[in-house]
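# Commentary on secondary and tertiary structure
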Amino acid sequence: MPRIFLILLMMTMASLLTSPTTAQAQTLPTASLTSPDPTPDPIAPEDMSPEAINAMVARMSDDSVRALLLERLDAVAQKDGADVPQRTLVENAAALWTAFSAQPLDAVRKLPVLFVRQAEAFAYFTASFGGLAGVLTLFGLTALVLLIGFAVEYAVRTWLVKLRNTNPTAPTHSLRDTVTFLFKRFLSEIFGLIVFYITLRTVGRLMFDAPQIAFVAPFVGYLIWMPRVAAAFSRFMMAPERQDLRLVNVSDHWAKFIHRHIIGLMLLGGTTLFIVDFNFKNGVPAGETRIAFWLDSGVYVYIAIIAWIARAGFSDMMRGADPDTTEFDEMMARGYPYFAMAVAGLMWVTVSTLVGLGKVALLIGGAHYMTMFLLLMTPVIDTAIRGIVRHLVPPMIGDGPVAQEAYVATKRSYVRIGRVIALGVLLSMIAKTWNLSLLSLLQDRAGIGDNLFSFAMTLIVGYVVYEAVSLWINRRLAAEFTALGLSQDDAGGDEMGGAGGSRLSTVLPLTLVSAQATIIVIFALLAIGNLGIDITPLLAGAGIAGLAIGFGAQKLVTDIVSGVFFLVDDAFRTGEYVEIDGTMGAVEKISIRSMQLRHHRGPVHTIPYGEIPKLTNYSRDWVIMKLKFTVPFDTDPNKVKKIFKKIGQEMLQDDLYKDDFLQPFKSQGVFDIDDVGMIMRGKFMAKPGKQFMIRKEIYNRVKSEFAANGIDFARREVRVAIPGMDHENMSDAEKSAVSAAASEAAQQQVEAGVAAPAKGPD
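Turning our eyes to something else, we now look at the overall build of the chain. A count of helices and strands for the chain gives 25 helices and 8 strands. For the chain, the residues scored as buried account for 36% of the 762 residues in total. Contacts spanning at least 24 positions in sequence make up 71% of the contacts within the chain whose residues lie at least 6 apart. Carbon and sulfur atoms form 63% of the exposed surface of the chain, whose accessible area is close to 44100 Å².

In C-alpha cells form, the structure reads like this:
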C-alpha cells in the first residue's frame, strides 16, 4: 500500500514542479528531514531531490501520505477551475444568439464589397496564369483531359458489359433480383468513375504543372466528381427511367424530378466549396466577402423548395407500398417534407452559429452537408428497412385471423427495431462526421452534448431490447394460441368454459408484463445516470418506498405471493372453467394480483388470489357426461343398449365429432325405476368444453332411433280405477263421468301444491 501512495505522490510532485504556482510555495527546512516526528506537515518539496523525497516518504505514515496527496490534488483542481470562468445558462444562450445573428448582419454589410473582391480574385487568378490566354489554355487542357477521361471510362464500361454478356434491360421479378441488378449497375458506375479519376490523375500530371493542378483538382472534384457520384446513387434508388426497377414507392414524374434536383443540389454544394477554396487561394479570405454564407444559404433554400414542391412524392416514398401501415407510418409520411425543411433550417442555424464561434474548421470538410444528407435519407432508409423485413420476418405460423394478426404484429416489431437501430447508426455516423470519437462520447461525459449522446444511445439500446423481448414472447404466445385453435379474446367463450389454454399461454402474458417493466426501469435509470444525474438517491428512495409498501400493503403482497404459487401449481389456465367458493366462470384474464372469471351468463367476477380458499377446475384433461332417458316398463333394455352403442360408433366416424371424443357414448343399463318407467343411462368421455355440443347431438340421434324402433319416451300419466266397473265396456256417459272425476282430482292436487308452504333447499 505505501508503494502505491509513493508512486502517486511522486507523479503529483512532478506535475507541481512544472507548475508556475510552485514558485510561490514554501520550501521545506532541512532540519525537518531529521525530525523524529512521524507525521510532518505536508509542504511542497520543489527543491528536494528524489532521494530526499524517498527518505521523507519512508518516515511518513499512510495517513500522512494520503493527506499530502489530497492536498496537492485539490490545489491543482482549484488552479484549473480558476483558469476557466463559469458562465450561466443565460450567458451561454446569449453568446450563441450573438454568434448566430452576427452572420447574416455581417453578410449584408459586406454585400457592396462582395462583387469587387470577387473580381479581384478572378483578376489575381488570371494574372497568375499569364493573362486571359493562359486561362483559356488552362480551360482547354482541362476540357481535353476530361474528354480523355470520359472516353476511357466509356470504353472500359462497354468492355465490361460485353465481358459479362448481360442485358442491362433484362426484366426482373423479385426484390432480390432487382436489388442485385441495381447494385451491379451501381458498382459498374462507381468503377467507371474510378477509371475516370485514375485517367484524369495520370493524364493531368503529364499535362499540368503544380499551380494548374491546384486549380483543376478541386474544380473536377467539386463540380464533376461529386455530382456524378450523387447521380449514380440516385439512379440506384430512384431508377428514374425504369419504374419496374424502382426501390422506392414514387411515380415516374417525381422520381425524375427528385433525381434531377439531387444532382443540382450536389452541384450547388460543390460550387460553394470550390468558390471558397478558389477565393482563399487567390487572396480573398472567406470572411471578407461572405460569399460562402450566401451560397451555403442557397443550398438550404434549395432543399426547402424541393421538399415543398415534391411533398406529394416524398410522402409516397415514406408511405411505401406495404399495405400493413399504421397511423404512425401515415403521420411520418405526411410530415416528412416539413421535416426536410426543418432540417435545412436547423443546419443553416448550426453553420451560422459555428462560424460565429470561430469553429470554421469543422465545416471545411463538409460535415454539415454530410449530416444533412444522412438526415434527408430517411425515406430511403425506411424503405430499405421495410423491404428487408419482408424477407427476414418468419413465415406465418398456422392459418386464420390469430396467425394473421401475429404475423402483422411481428412484422411491425421488426420494422420498429430496424428503425431504432438505423437511428443509432445515423447518430454514430453523424458523430463521426464531426470528428467525434464514439468511445470518448460514451466514456468521457464531461459536457452536455456528450451526456445527451450517451442518453440517446442508452434509450436506443433499451428500446431494441424491449422490442426484442416483446417480439419473442408475443410470437411464442401467438404460436400457443394458434396451436390450440384459440384467439386471445376467446378465453371462456364456450358454455361452461373450454379446454383452456396451455400452461405457457397462461404464464407468458405475466412474463411479458414483468419483463417490460424490468427493462423500462433498468434502462431509465441508466439513461438518467448518463445525463450526469446521481441515481443513488433514486435507488435509496425506491428501497424506502418498497419497505413502506411491504408494511402498508401486506394484503397486496399476500395476493401476489398466492398468485405465484397458484401459477406454479398450475391450478388454472386461461379459458378453463373453475369454481371458487361458490363463484363459477371461465378464467378470462389473469394479472399479478387477481384473476377475472366470466360466468357463462355474462357477469365478470374479479377475485384476488389471496381470497381463494379452494379452487375447483372443471376443464382439466377430460370430462365425463352421463345422460338419462326414461322409457316405458315394457321396453327391452338390451335393445336400448344396442341403440346407444350404434349411436356411439356412428359419432366416432363423424368428422365433426370424432376428434372431440375420448371414450364413445355407450349404455350403462337400467339406472333406476320410478312410477313412470325405467331410467336408462348412458355416458361418454370428451375433451373439456366439447361435451355440450356432443350431448345435443346425442339427444337428437336417440330421439330419431327411438322413433325408428318404436320406442316411446315414458310420460307421466293419471290413472283412475273404479272398483266393480268394467273398464273395457264403459258407455260414453260413464267415460265422461270418469274424465270429469279425474280432472277434478288433478285440479285439487294442483291447488294443494300451490297452497302448500314453499321450502328452501336443505
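Anyway, onward from the coordinates.
The sheet built from 5 strands is open, its strands ordered 4-3-2-1-5 with antiparallel pairing. A strand with exactly one partner marks an edge of an open sheet, and here the two such strands are strand 4 (604–608) and strand 5 (615–617). The sheet shows a mean angle of 40 degrees between the axes of neighbouring strands, taken without regard to direction.

Another point: the pairing of strand 6 (residues 623–631). Of the two faces of strand 6, only one is covered, namely that formed by Val623, Met625, Leu627, Phe629 and Val631; the face formed by Ile624, Lys626, Lys628 and Thr630 stays uncovered. Across 9 bridges, the pairing between strand 6 and strand 8 (residues 678–686) is antiparallel. Bridge pairing links Val623 to Ala686 in strand 8.

It is worth spelling out the sheet that holds strand 8 at this point. Pairing is antiparallel in the open sheet, where 3 strands are placed in the order 6-8-7. Among the strands making up the open sheet, the edge pair consists of strand 6 and strand 7 (661–673). The average angle at which neighbouring strand axes cross in this sheet is 20 degrees, direction not considered. Here 7 bridges tie strand 7 to strand 8, and the two strands are oriented antiparallel to one another. Bridging across to strand 8, Lys666 finds its partner in Lys683. Relative to the sheet, helix 23 (residues 637–653) contacts strand 6, strand 7 and strand 8, its axis offset from that of strand 7 by approximately 165 degrees. Along the sheet, helix 24 (residues 691–708) makes contact with strand 6, strand 7 and strand 8, crossing strand 6 at roughly 25 degrees.

Turning next to a nonpolar patch on the surface. A surface patch of nonpolar side chains, about 460 Å² in accessible area, is lined by Val513, Leu556, Ile560, Val564, Val568 and Ile592. In this structure, Val513 sits in helix 20 (residues 503–530).

Counting 46 residues, the largest nonpolar core has Val250, Tyr300, Ile303, Phe314, Met317, Met372 and Leu376 as the members making the most contacts within it. For this core, the secondary-structure elements that each account for two or more residues are helix 7 (175–207), helix 8 (210–238), helix 9 (252–281), helix 11 (291–309), helix 12 (311–319), helix 13 (327–356), helix 15 (367–376) and helix 17 (401–433). Looking at this core, the element that brings in the most residues is helix 13, giving 8 residues. Residues contacting Met317, with those up to four places away along its chain left out, are Met238, Val248, Asn249, Val250, Ile258, Pro379, Thr383 and Arg386. One finds Ala121, Val145, Leu200 and Val284 within the second-largest nonpolar core, a separate group that totals 23 residues.

Between its first and last C-alpha atoms helix 24 spans 25 Å; for 18 residues at 1.5 Å apiece the expected length is 26 Å, and the two agree. For helix 24, the full list of buried residues reads Gln691, Phe692, Ile694, Glu697, Ile698, Arg701, Val702, Glu705 and Phe706. Its buried side turned inward, helix 24 meets strand 6, helix 23, strand 7 and strand 8. Positive phi appears at Gly710, one or two residues downstream of helix 24, with a value of about 70 degrees.

Time to look at the packing of aromatic side chains. Under the criterion given, the structure shown has 29 aromatic pairs. Taken together, a centroid distance of 6.5 Å and an interplanar angle of 70 degrees make the contact between Trp308 and Tyr338 edge-to-face. Highlighted residues: Trp308 in helix 11 and Tyr338 in helix 13, separated in sequence by 30 residues. When its relative accessible area of 44% is taken as the criterion, Tyr338 is described as partly exposed. Ring pairs connect the aromatic residues Phe122, Phe125, Phe129, Phe139, Phe215, Phe219, Phe274 and Phe278, which therefore count as one cluster. For the cation-ring pair, Arg228 lies above Phe196, with the distance from its terminal atom to the ring centre recorded as 5.2 Å. The ring centre of Trp308 lies 3.9 Å from the NZ or CZ of Arg311, which sits over that ring.

Quick look at the side chain of Glu153 now. Note on placement: Glu153 falls in helix 6 (residues 132–164). With a relative accessible area of 4%, Glu153 lands in the buried category. In this view, Glu153 contacts Gly192, Leu193, Val195, Phe196 and Arg228; residues no more than four positions away in its chain are not counted.

This paragraph deals with unusual backbone geometry. Outside of glycine, negative phi angles account for most residues, and trans bonds account for most peptide bonds. Unlike most non-glycine residues, Arg290 shows phi in positive territory, near 60 degrees. Its place among the elements puts Arg290 in the loop between helix 10 (286–289) and helix 11. Using a relative accessible area of 9% as the deciding quantity, one classes Arg290 as buried. Despite not being glycine, Asp581 shows a phi value in the positive range, around 55 degrees. Here Asp581 lies in the loop between strand 1 (577–580) and strand 2 (583–590).

Another aspect to go through is the environment of Leu597. By the secondary structure assignment, Leu597 is in strand 3 (residues 594–598). In this structure the C-alpha to C-alpha distance between Leu597 and Ala586, which are 11 residues apart in sequence, comes to 5.1 Å. Sequence-distant contacts of Leu597, that is, excluding residues within four places in its chain, are made with Val578, Ile580, Thr583, Gly585, Ala586, Val587, Pro603, Val604, His605 and Ile607.

Compared with the 42 Å implied by 1.5 Å per residue over 29 residues, the 40 Å span of helix 8 between its first and last C-alpha is a close match. Along helix 8, the sharpest kink reaches roughly 35 degrees, centred on Gly221. N-capping of helix 8 is provided by Asp209, with a side-chain oxygen placed 3.0 Å from the backbone N of Gln212. Positive phi appears at Ala239, one or two residues downstream of helix 8, with a value of about 40 degrees.

Once that is clear, we can look at the confidence of the model for the chain. Across the chain, pLDDT averages 76, with 74% of residues at or above 70. Looking over the chain, one finds the lowest element-wise mean pLDDT in helix 1 (residues 2–17), namely 41, and the highest in helix 11, namely 90. Note on residues 1–43: pLDDT under 50 across the span, and 57 contacts to partners over four residues away in sequence or across chains. Taken together, the stretch residues 754–762 has pLDDT below 50 and engages in 0 contacts with residues farther than four places along the chain or on a different chain.

When their charged atoms lie close together, side chains carrying opposite charge are able to pair. Following the criterion strictly, the structure yields 21 salt bridges and no others. Between Arg334 and Glu330 there is a salt bridge, and its shortest N-O distance comes to 3.5 Å. Of the two residues, Arg334 and Glu330 both sit in helix 13, 4 residues apart, roughly one turn of that helix. Among the residues examined, Glu330 registers a relative accessible area of 23% and is labelled partly exposed. Where Arg416 meets Glu467, a salt bridge forms, and the shortest distance between an N and an O atom there is 2.8 Å. Taken together, the residues span a long stretch of sequence, with Arg416 in helix 17 and Glu467 in helix 19 (residues 448–484) at a distance of 51 residues. Salt bridges here are not isolated pairs; linked through shared partners, they connect Asp106, Arg109, Lys110 and Arg290.

The next thing to look at is the packing of helix 5 (residues 111–128) against helix 9. As a packed pair, helix 5 and helix 9 sit with axes 9 Å apart at the nearest point and diverge in direction by 65 degrees. Comparing their axes, helix 9 and helix 5 come out roughly perpendicular. As for the relative orientation of helix 5 and helix 9, their crossing is left-handed in sense. Contacts between helix 5 and helix 9 involve Gln118, Ala121, Phe122, Tyr124 and Phe125 from the first element and Phe278, Asn279 and Lys281 from the second.

Scoring rules and cut-offs
Residues numbered from 1 in each chain as written. Predicted model: local features only at pLDDT ≥ 70, side-chain atom pairs only at ≥ 80, totals over all residues. Heavy atoms only, no water. Helix = DSSP H or I, 4+ residues; strand = E, 2+ residues; numbered from the N terminus. Buried < 20%, exposed > 50% of the residue type's maximum accessible area, 1.4 Å probe, protein only. Contact = heavy atoms within 4.5 Å. Areas by Shrake-Rupley, 256 points an atom, 1.4 Å probe, with all protein chains shown as cover. Pairing = 2+ DSSP bridges. Axes fitted to C-alpha atoms, helices over the stretch in contact; angles between N-to-C directions. Patch = residues over 30% accessible without salt bridge, like charges linked within 9 Å, V, L, I, M, F, W, Y side chains within 5 Å. Salt bridge = Lys/Arg side-chain N within 4 Å of Asp/Glu carboxyl O. Core = buried A, V, L, I, M, F, W, Y, C linked by side-chain atoms within 4.5 Å. Expected span 1.5 Å × (residues − 1). Phe/Tyr/Trp six-rings, centres within 6.5 Å; stacked < 30°, edge-to-face > 60°. Lys NZ or Arg CZ within 6 Å of the ring centre and 35° of its normal. Bend = angle between axes of the 7 residues up to and from the residue. Polar contact = N/O pair within 3.5 Å; in protein donor to acceptor, adjacent residues only side chain to side chain. pLDDT = per-residue confidence, 0-100. Parallel < 35°, antiparallel > 145°, perpendicular 65-115°, else oblique. Left-handed = near helix turned anticlockwise from the far one by under 90°.

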